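Structural overview for review
Here is what each chain is made of, one letter per residue.
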Amino acid sequence: HFPAAVSVRSHSLFQSSALQHLFAKMDLQYEVNQFIPSWSGITCKPYREVTGMIRVPYFWEDDVHVMAMERELVSPWNADAMLDREGLKVFDFHPVHVFLNTERIDRYERSRGVHRDARRLADHRCASQGTRTFLNELIARAVARGFQFPQEIAVAGFGRDVPGAAMIERTW
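Summary of the structure given here. All figures in this text were calculated on a predicted structure; none of them were measured in a lab.

**Topic: the overall build of the protein**
Counting its regular elements, the protein contains seven helices and eight strands. Across the 172 residues of the protein, 41% fall into the buried class. In the protein, 56% of the contacts between residues at least 6 apart in sequence involve partners at least 24 apart.

Spelled out as structure tokens, the structure:
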């Protein structure tokens, strides 16, 4: 339990009305359980849902991107293409995929047995382009292009009155 927490994301994006009401009752302000894939063409914008919480959809997740590359749904590791997309840009990186520099899901699957042993897990790292190198490129490109990391975000229909969210934003 983290008493200072203001946001929540459930493992495997598990959500329900009852859970949403529980989150609101715990005074959580933001919920990030809605994934809208980058290739969908849908522009991500935060919005206030029925409990008063702000739902913040995200459009990129490392393991999903790797699987989508394998299926040729997206171009591989193009930070500028992701930053060029309209709307809010929320990225989801899993620590294990950053550590492994995952570029193919089979690398992650082959390493499952040693996930709790950092020394042995390091033997499974990808030496070429992957999740970690993409994260580093994404940060460098976002900073170089003047992206801001504001402490508040505009919520559809509510103006710029939502403190505490640190997300990459430009215009949407």
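**Quick word on the pattern of salt bridges**
Evaluation of the coordinates by the stated rule reveals 11 salt bridges. The salt bridge involving Glu61 is made with Arg9; its shortest N-O contact spans 3.7 Å. In this pair, Glu61 is assigned in strand 5 (residues 60–61) and Arg9 in the loop between strand 1 (7–8) and helix 1 (17–25), connecting sequence segments 52 residues apart. Given the relative accessible area of 33%, Arg9 is considered partly exposed. The salt bridge partner of Glu109 is Arg112, with a shortest N-O separation of 2.6 Å. One network of salt bridges, with partners in common, ties together Glu70, Arg104, Asp106 and Arg110.

**Looking at the sheet that holds strand 2 (residues 30–31)**
Here four strands make up an open sheet; going across it, the order is 1-2-4-3 and the pairing mixed. Two strands in the sheet have a free side with no partner beyond their single neighbour: strand 1 and strand 3 (47–48). Here strand 2 pairs with strand 4 (residues 54–55) via two bridges, running parallel. Note on strand 4: the bridge partner recorded for Tyr30 is Ile54.

Reading the values: rules and limits
Residues numbered from 1 in each chain as written. Predicted model: local features only at pLDDT ≥ 70, side-chain atom pairs only at ≥ 80, totals over all residues. Heavy atoms only, no water. Helix = DSSP H or I, 4+ residues; strand = E, 2+ residues; numbered from the N terminus. Buried < 20%, exposed > 50% of the residue type's maximum accessible area, 1.4 Å probe, protein only. Contact = heavy atoms within 4.5 Å. Salt bridge = Lys/Arg side-chain N within 4 Å of Asp/Glu carboxyl O. Pairing = 2+ DSSP bridges.

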